[in-house]
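Next come the chains, spelled out residue by residue.
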Amino acid sequence: MGREVKEDGCISVFFHVLDEVYTAAMNPSPTLRIVFLGSGSSGNSAAITDGETTLLLDCGFSAREISKRLTGSGISPESVSAILVTHEHSDHVRGIDVFTRRHAPGCVVVATAGTLRAPEFAALTADRREIRSGQTMRVGTLNVVAFRTSHDAVQPVGYRVDIDGDSVGVTTDTGVLTEEAAEALSGVRVLGIESNHDLHMLERGPYPAFLKHRIRSARGHLSNSDAADALERLATERLEQVFALHRSSTNNTATLAGALLRDRAQRLGLTVPVTVASQTTACDSCATFMTEAPSRST
Ligand SMILES: [Zn+2]
Ligand SMILES: [Zn+2]
(Lines give C-alpha, C1' and ligand atoms only; values in the text may rest on other atoms or scores of the structure.)
(Ligands and ions follow the chains in the order given, each with its own letter.)
Protein backbone atom coordinates (compact mmCIF):
# COMPACT_ATOMS: atom_id res chain seq x y z
CA MET A 1 0.00 0.00 0.00
CA GLY A 2 2.80 2.27 1.01
CA ARG A 3 4.55 1.40 -2.24
CA GLU A 4 1.41 2.18 -4.29
CA VAL A 5 1.06 5.57 -2.62
CA LYS A 6 4.71 6.24 -3.41
CA GLU A 7 4.25 5.19 -7.05
CA ASP A 8 1.06 7.27 -7.32
CA GLY A 9 2.99 10.17 -5.87
CA CYS A 10 5.79 9.68 -8.39
CA ILE A 11 3.32 9.52 -11.27
CA SER A 12 1.55 12.60 -9.95
CA VAL A 13 4.85 14.49 -9.66
CA PHE A 14 5.85 13.28 -13.14
CA PHE A 15 2.63 14.62 -14.70
CA HIS A 16 2.87 17.83 -12.69
CA VAL A 17 6.40 18.44 -14.01
CA LEU A 18 5.26 17.54 -17.54
CA ASP A 19 2.37 19.99 -17.18
CA GLU A 20 4.71 22.75 -16.01
CA VAL A 21 7.14 22.13 -18.88
CA TYR A 22 4.23 22.21 -21.35
CA THR A 23 2.78 25.38 -19.82
CA ALA A 24 6.18 27.09 -19.84
CA ALA A 25 6.71 26.13 -23.47
CA MET A 26 3.29 27.47 -24.48
CA ASN A 27 3.55 30.64 -22.32
CA PRO A 28 7.22 31.55 -21.98
CA SER A 29 7.49 34.09 -19.18
CA PRO A 30 9.14 37.33 -20.25
CA THR A 31 12.71 37.68 -19.06
CA LEU A 32 13.03 41.43 -19.48
CA ARG A 33 11.23 44.09 -17.53
CA ILE A 34 11.26 47.71 -18.66
CA VAL A 35 10.12 50.50 -16.40
CA PHE A 36 9.62 53.90 -17.98
CA LEU A 37 10.58 56.02 -14.98
CA GLY A 38 9.25 59.08 -16.77
CA SER A 39 8.94 60.25 -20.36
CA GLY A 40 8.08 63.58 -21.96
CA SER A 41 9.59 66.78 -23.28
CA SER A 42 11.12 67.70 -19.94
CA GLY A 43 12.73 64.43 -18.83
CA ASN A 44 13.26 60.84 -19.98
CA SER A 45 14.61 57.72 -18.33
CA ALA A 46 13.81 54.00 -18.33
CA ALA A 47 15.22 51.01 -16.45
CA ILE A 48 15.66 47.65 -18.17
CA THR A 49 16.42 44.58 -16.07
CA ASP A 50 16.46 40.79 -16.24
CA GLY A 51 16.88 40.58 -12.45
CA GLU A 52 20.65 40.17 -12.76
CA THR A 53 21.76 43.13 -14.88
CA THR A 54 20.07 46.50 -14.72
CA LEU A 55 20.54 49.26 -17.29
CA LEU A 56 19.24 52.79 -17.45
CA LEU A 57 18.17 54.12 -20.81
CA ASP A 58 18.91 57.86 -20.53
CA CYS A 59 19.08 59.82 -17.28
CA GLY A 60 17.04 62.95 -17.94
CA PHE A 61 15.81 63.77 -14.44
CA SER A 62 17.77 64.85 -11.38
CA ALA A 63 19.81 62.02 -9.86
CA ARG A 64 17.65 62.21 -6.75
CA GLU A 65 14.44 61.86 -8.76
CA ILE A 66 15.79 58.92 -10.79
CA SER A 67 16.89 57.24 -7.58
CA LYS A 68 13.50 57.80 -5.99
CA ARG A 69 11.61 56.40 -8.99
CA LEU A 70 13.93 53.38 -9.26
CA THR A 71 13.48 52.59 -5.58
CA GLY A 72 9.71 53.07 -5.91
CA SER A 73 9.76 50.46 -8.68
CA GLY A 74 11.69 48.00 -6.51
CA ILE A 75 15.00 48.54 -8.33
CA SER A 76 18.10 49.48 -6.37
CA PRO A 77 19.97 52.47 -7.89
CA GLU A 78 23.29 50.81 -6.91
CA SER A 79 22.38 47.84 -9.14
CA VAL A 80 22.57 49.95 -12.33
CA SER A 81 25.63 48.75 -14.27
CA ALA A 82 25.35 50.99 -17.32
CA ILE A 83 23.51 54.02 -18.65
CA LEU A 84 22.69 53.84 -22.36
CA VAL A 85 22.56 57.41 -23.65
CA THR A 86 20.56 58.22 -26.79
CA HIS A 87 21.88 61.77 -27.27
CA GLU A 88 23.16 64.78 -25.36
CA HIS A 89 19.97 66.88 -24.95
CA SER A 90 19.34 67.82 -21.34
CA ASP A 91 16.00 66.00 -21.09
CA HIS A 92 18.05 62.80 -21.54
CA VAL A 93 21.26 63.46 -19.59
CA ARG A 94 20.39 65.98 -16.88
CA GLY A 95 21.16 63.72 -13.91
CA ILE A 96 23.91 61.55 -15.36
CA ASP A 97 26.95 63.07 -13.65
CA VAL A 98 25.53 63.13 -10.11
CA PHE A 99 23.80 59.74 -10.53
CA THR A 100 27.03 57.99 -11.56
CA ARG A 101 29.02 59.65 -8.77
CA ARG A 102 26.60 59.39 -5.87
CA HIS A 103 24.09 56.65 -6.59
CA ALA A 104 25.72 54.06 -8.87
CA PRO A 105 29.50 54.12 -8.52
CA GLY A 106 31.09 51.77 -11.04
CA CYS A 107 28.28 52.41 -13.51
CA VAL A 108 29.47 52.78 -17.12
CA VAL A 109 28.14 55.36 -19.59
CA VAL A 110 27.48 53.92 -23.06
CA ALA A 111 26.99 56.28 -26.04
CA THR A 112 28.26 56.96 -29.54
CA ALA A 113 31.66 58.63 -29.93
CA GLY A 114 30.00 61.82 -31.15
CA THR A 115 27.64 62.00 -28.18
CA LEU A 116 30.47 61.41 -25.71
CA ARG A 117 32.40 64.33 -27.24
CA ALA A 118 29.49 66.72 -26.60
CA PRO A 119 30.19 69.44 -23.97
CA GLU A 120 27.49 67.95 -21.72
CA PHE A 121 29.90 65.06 -20.96
CA ALA A 122 33.04 67.15 -20.39
CA ALA A 123 32.89 66.86 -16.58
CA LEU A 124 31.67 63.25 -16.47
CA THR A 125 33.90 61.12 -14.24
CA ALA A 126 32.28 57.73 -14.92
CA ASP A 127 33.90 55.22 -17.29
CA ARG A 128 32.68 55.47 -20.88
CA ARG A 129 32.15 52.87 -23.58
CA GLU A 130 31.60 53.84 -27.19
CA ILE A 131 28.95 52.08 -29.25
CA ARG A 132 28.27 52.35 -32.98
CA SER A 133 25.00 52.06 -34.83
CA GLY A 134 24.53 48.40 -35.76
CA GLN A 135 26.90 47.19 -33.04
CA THR A 136 25.88 44.66 -30.37
CA MET A 137 27.52 45.19 -26.97
CA ARG A 138 27.40 42.76 -24.06
CA VAL A 139 26.63 44.41 -20.71
CA GLY A 140 26.48 41.86 -17.89
CA THR A 141 23.88 39.28 -18.92
CA LEU A 142 22.28 41.54 -21.54
CA ASN A 143 22.98 42.29 -25.20
CA VAL A 144 22.59 45.91 -26.24
CA VAL A 145 22.09 46.94 -29.87
CA ALA A 146 22.34 50.59 -30.98
CA PHE A 147 20.65 51.95 -34.09
CA ARG A 148 20.81 55.36 -35.75
CA THR A 149 18.03 57.88 -35.22
CA SER A 150 17.38 61.18 -37.04
CA HIS A 151 17.54 64.14 -34.66
CA ASP A 152 19.26 67.51 -34.28
CA ALA A 153 21.95 66.11 -32.00
CA VAL A 154 25.60 65.17 -32.62
CA GLN A 155 25.27 61.39 -33.21
CA PRO A 156 21.95 60.13 -31.81
CA VAL A 157 20.90 56.48 -31.48
CA GLY A 158 18.11 54.34 -30.06
CA TYR A 159 18.55 50.97 -28.34
CA ARG A 160 17.25 47.42 -28.29
CA VAL A 161 18.09 45.11 -25.38
CA ASP A 162 18.01 41.31 -25.78
CA ILE A 163 18.34 38.18 -23.70
CA ASP A 164 17.36 34.58 -24.50
CA GLY A 165 15.08 35.50 -27.38
CA ASP A 166 13.29 38.20 -25.38
CA SER A 167 13.80 41.79 -26.49
CA VAL A 168 12.61 45.31 -25.76
CA GLY A 169 13.37 48.40 -27.85
CA VAL A 170 12.85 52.12 -27.73
CA THR A 171 13.04 54.93 -30.27
CA THR A 172 12.41 58.54 -29.34
CA ASP A 173 13.77 61.91 -30.48
CA THR A 174 13.70 61.10 -34.15
CA GLY A 175 12.06 62.95 -37.01
CA VAL A 176 11.58 59.77 -39.02
CA LEU A 177 11.70 56.05 -38.32
CA THR A 178 15.15 55.25 -39.72
CA GLU A 179 15.87 52.07 -41.70
CA GLU A 180 18.22 51.00 -38.91
CA ALA A 181 15.47 51.48 -36.31
CA ALA A 182 12.97 49.56 -38.43
CA GLU A 183 15.38 46.66 -38.73
CA ALA A 184 16.34 46.64 -35.04
CA LEU A 185 12.85 47.05 -33.59
CA SER A 186 10.88 44.70 -35.76
CA GLY A 187 10.28 41.62 -33.60
CA VAL A 188 10.64 43.17 -30.15
CA ARG A 189 8.21 42.06 -27.42
CA VAL A 190 7.90 45.51 -25.83
CA LEU A 191 8.10 48.60 -28.06
CA GLY A 192 8.56 52.16 -26.82
CA ILE A 193 7.81 54.61 -29.60
CA GLU A 194 7.87 58.39 -29.64
CA SER A 195 4.43 60.01 -29.99
CA ASN A 196 5.49 63.60 -29.42
CA HIS A 197 2.87 65.91 -30.89
CA ASP A 198 -0.47 66.21 -32.56
CA LEU A 199 0.12 68.08 -35.84
CA HIS A 200 -2.94 70.35 -35.47
CA MET A 201 -2.07 71.23 -31.87
CA LEU A 202 1.50 72.03 -32.89
CA GLU A 203 0.36 74.22 -35.80
CA ARG A 204 -2.11 76.19 -33.67
CA GLY A 205 0.02 76.16 -30.53
CA PRO A 206 2.16 78.90 -28.96
CA TYR A 207 5.61 77.81 -30.20
CA PRO A 208 7.52 80.20 -32.50
CA ALA A 209 7.62 79.25 -36.20
CA PHE A 210 11.26 78.11 -36.15
CA LEU A 211 10.57 75.70 -33.29
CA LYS A 212 7.45 74.29 -34.97
CA HIS A 213 9.54 73.72 -38.08
CA ARG A 214 12.30 72.04 -36.07
CA ILE A 215 9.86 69.67 -34.32
CA ARG A 216 8.14 68.71 -37.62
CA SER A 217 11.40 68.27 -39.52
CA ALA A 218 13.12 64.98 -40.39
CA ARG A 219 15.54 65.71 -37.52
CA GLY A 220 12.83 66.55 -34.99
CA HIS A 221 10.22 64.35 -33.33
CA LEU A 222 7.63 61.77 -34.40
CA SER A 223 4.01 62.97 -34.36
CA ASN A 224 1.10 60.82 -33.20
CA SER A 225 0.34 59.79 -36.78
CA ASP A 226 4.04 59.08 -37.43
CA ALA A 227 3.99 56.79 -34.38
CA ALA A 228 0.95 54.93 -35.72
CA ASP A 229 2.67 54.49 -39.10
CA ALA A 230 5.79 53.25 -37.31
CA LEU A 231 3.74 50.76 -35.31
CA GLU A 232 2.28 49.42 -38.54
CA ARG A 233 5.78 48.94 -39.90
CA LEU A 234 7.28 47.38 -36.75
CA ALA A 235 4.53 45.13 -35.42
CA THR A 236 5.05 41.37 -35.60
CA GLU A 237 3.30 38.49 -33.86
CA ARG A 238 5.91 38.77 -31.09
CA LEU A 239 4.79 42.26 -30.07
CA GLU A 240 3.00 42.22 -26.68
CA GLN A 241 3.08 45.80 -25.41
CA VAL A 242 3.40 49.31 -26.79
CA PHE A 243 4.36 52.44 -24.86
CA ALA A 244 3.84 55.92 -26.34
CA LEU A 245 6.77 58.10 -25.27
CA HIS A 246 8.13 61.65 -25.20
CA ARG A 247 4.69 63.27 -25.32
CA SER A 248 4.70 67.07 -25.42
CA SER A 249 2.56 68.63 -22.70
CA THR A 250 1.97 71.70 -24.91
CA ASN A 251 1.31 70.12 -28.31
CA ASN A 252 -0.36 66.82 -27.41
CA THR A 253 -2.64 65.05 -24.97
CA ALA A 254 -2.41 61.53 -23.59
CA THR A 255 -5.89 60.86 -24.96
CA LEU A 256 -4.93 61.81 -28.53
CA ALA A 257 -1.61 59.94 -28.46
CA GLY A 258 -3.20 56.78 -27.03
CA ALA A 259 -6.27 56.86 -29.27
CA LEU A 260 -4.34 57.00 -32.52
CA LEU A 261 -2.03 54.12 -31.59
CA ARG A 262 -4.89 51.99 -30.23
CA ASP A 263 -6.96 52.63 -33.33
CA ARG A 264 -4.09 51.61 -35.60
CA ALA A 265 -3.37 48.54 -33.48
CA GLN A 266 -7.01 47.52 -33.71
CA ARG A 267 -7.11 48.03 -37.47
CA LEU A 268 -4.03 45.84 -37.75
CA GLY A 269 -5.70 43.16 -35.64
CA LEU A 270 -3.07 43.53 -32.92
CA THR A 271 -4.02 42.36 -29.43
CA VAL A 272 -1.58 44.59 -27.59
CA PRO A 273 -2.14 47.05 -24.76
CA VAL A 274 -1.03 50.61 -25.56
CA THR A 275 0.09 52.78 -22.64
CA VAL A 276 0.95 56.46 -22.84
CA ALA A 277 3.94 56.93 -20.54
CA SER A 278 3.77 59.74 -18.01
CA GLN A 279 6.24 62.49 -17.28
CA THR A 280 5.61 62.32 -13.56
CA THR A 281 5.13 58.65 -12.63
CA ALA A 282 6.77 55.36 -13.54
CA CYS A 283 5.12 52.93 -15.98
CA ASP A 284 6.09 49.28 -15.55
CA SER A 285 5.87 46.77 -18.43
CA CYS A 286 5.11 43.93 -15.96
CA ALA A 287 2.40 45.86 -14.11
CA THR A 288 0.83 47.13 -17.33
CA PHE A 289 0.70 43.70 -18.90
CA MET A 290 -1.04 42.26 -15.84
CA THR A 291 -3.55 45.06 -15.35
CA GLU A 292 -4.39 46.38 -18.80
CA ALA A 293 -6.54 44.08 -20.87
CA PRO A 294 -5.41 43.78 -24.47
CA SER A 295 -7.62 45.61 -26.98
CA ARG A 296 -8.92 42.79 -29.11
CA SER A 297 -9.96 43.45 -32.64
CA THR A 298 -13.33 42.32 -33.85
ZN1 LIG B 1 14.11 64.49 -25.80
ZN1 LIG C 1 16.39 65.52 -28.18
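Relevant structure appears above.
For clarity, every value in this text was computed on a predicted model and none was experimentally measured.

Student: Would you mind going over the packing of helix 2 (residues 63-72) against helix 4 (residues 96-103) with me for this structure?
Tutor: Each pair of packed helices gets described by two things: the angle between the helix axes and the distance between those axes. The geometry of helix 2 relative to helix 4 is characterised by a closest axis approach of 8 Å and an angle of 60 degrees between their N-to-C directions. Of the possible angle classes, the one that applies to helix 2 and helix 4 is oblique. Each of A63, I66 and S67 in helix 2 lies in contact with helix 4, whose residues at this interface are V98, F99, R102 and H103.

Student: I'm lost on helix 2 in this one. Help?
Tutor: The α-helix advances 3.6 residues per turn, and as a result positions three or four apart in sequence lie on the same side. All of the buried residues in helix 2 are A63, I66, S67, R69 and L70. Among the structural elements, strand 1 (33-38), strand 2 (45-49) and helix 4 are those in contact with the buried residues of helix 2. Of the residues one or two after helix 2, G74 is the one with positive phi, at around 80 degrees.

Student: Please clarify how unusual backbone geometry should be interpreted in this entry.
Tutor: A negative phi angle is the norm for most residues apart from glycine, just as the trans form is the norm for most peptide bonds. Even without being glycine, D58 reaches a positive phi, approximately 70 degrees. Among the secondary structure elements, D58 is positioned in the loop between strand 3 (54-57) and helix 2.

Student: How should the pairing of strand 8 (residues 142-148) be read in this particular structure?
Tutor: Strand 8 sits mainly inside the fold: five of its seven residues count as buried. Relative to strand 9 (residues 157-163), strand 8 is paired through six bridges, and the arrangement is antiparallel. Following the sheet pairing, A146 is matched in strand 9 by Y159.

Conventions adopted
- By convention here, each chain's residues receive numbers from 1 onward along its written sequence.
- In the order they appear in the text, chains get letters beginning with A and ligands get numbers beginning with 1.
- Only residues with pLDDT of at least 70 are given local features in this predicted model, and only at 80 or more are side-chain atom pairs given and counted; all residues enter the totals for whole chains, interfaces and linings.
- Simply put, an axis is a line fit to the C-alpha atoms, just over the touching stretch for a helix, and the angle between two N-to-C directions goes from 0 to 180 degrees.
- Secondary structure elements follow DSSP: runs of H or I no shorter than four residues count as helices, runs of E no shorter than two count as strands, and numbering proceeds from the N terminus.
- Reported orientations rely on four angle classes, namely roughly parallel under 35 degrees, roughly antiparallel over 145, roughly perpendicular from 65 to 115, and oblique for the rest.
- Two residues qualify as being in contact provided that their C-beta atoms, derived from the backbone, are within 7 Å of each other.
- Partly exposed residues are those whose C-beta has more than 12 but fewer than 20 other C-beta atoms within 10 Å; with 20 or more the residue is buried, with 12 or fewer it is exposed, and the C-beta atoms are placed from the backbone.
- When DSSP locates at least two bridges between a pair of strands, those strands are taken to pair.

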